[in-house]
Amino acid sequence: MSAPERLSYDLVQVAPWRGDEAAFAERLRAAGWELPEFGHLWSAPGRLACSVRPGRWLLATEPTTSAPLGTLAASCEAALGDAGAVTDLSSARASWRVTDPAARAWVAAGCRLDLDPAAFPVGRATVTLISQVPVMLAAMPGAWLFMAPSSMAEHFEAWLQQAAGQGA
């Protein structure tokens, strides 16, 4: 069993203005981002994009010591220009990665989703309640990603730790 790993992401939500969907997608693609369809995620080294709300995407990068939080918001604003809106959520969400091979079973026991690999394969993302917390959950290759409101992070992390310990 591996313990949940707390992550620090530079995180933004992006959305196109009505009528600018094509320019929005084209500009983000030119900036190195692919926009997955609703309910899915896209990842590249140090980058993640997921769509858990129609017409909205969460973009995340792992900040480096040379790039302070907020850098992603500024680069997305520059790339999008007048084609969409950018909201910085870096301080509003807490994130964890779980690489425990048994995690699918113990996470499924704590949420309302069918996490069977046929129903929720790698590459899927959604928002669900876990331990009464609205959590963005994504099945990644070899890991699970969780994002919860920062105001509920302590409670959710306690649940993660307890569930991981019982799943061992």
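If you're wondering where the values come from, they're calculated on a predicted model, not measured in any experiment.

## Some details on the sheet that holds strand 5 (residues 56-61)
Thinking step 1. Strand order in this open sheet of five strands is 3-4-5-2-6, and the pairing throughout is antiparallel. Each edge of the open sheet carries a strand with a single partner, namely strand 3 (41-44) and strand 6 (84-88). The average angle at which neighbouring strand axes cross in this sheet is 20°, direction not considered.
Thinking step 2. Pairing of strand 4 (residues 47-53) with strand 5, which is carried by five bridges, proceeds in the antiparallel orientation. Considered in strand 5, the bridge of Arg 53 is made with Arg 56.
Thinking step 3. Here helix 1 (residues 21-30) sits on the sheet in contact with strand 2 (10-16), strand 5 and strand 6, set at roughly 150° to strand 2.
Thinking step 4. The sheet contacts of helix 2 (residues 71-80) involve strand 2, strand 5 and strand 6, and relative to strand 2 the element is tilted by about 25°.

## Remarks on the sheet that holds strand 7 (residues 93-98)
Thinking step 1. Spatially, 1-7-10-9-8 is the arrangement adopted by the five strands of the open sheet, whose pairing is antiparallel. Unpaired on one side and paired on the other, strand 1 (5-7) and strand 8 (125-130) mark the two borders of the sheet. Pairs of neighbouring strands in the sheet enclose a mean axial angle of 30°, with direction left out of account.
Thinking step 2. Bridging between strand 7 and strand 10 (residues 143-149) involves six bridges; their strand directions are antiparallel. By the bridge assignment, Arg 97 is partnered in strand 10 with Leu 145.

Cut-offs and rules
Residues numbered from 1 in each chain as written. Predicted model: local features only at pLDDT ≥ 70, side-chain atom pairs only at ≥ 80, totals over all residues. Heavy atoms only, no water. Pairing = 2+ DSSP bridges. Helix = DSSP H or I, 4+ residues; strand = E, 2+ residues; numbered from the N terminus. Axes fitted to C-alpha atoms, helices over the stretch in contact; angles between N-to-C directions. Contact = heavy atoms within 4.5 Å.

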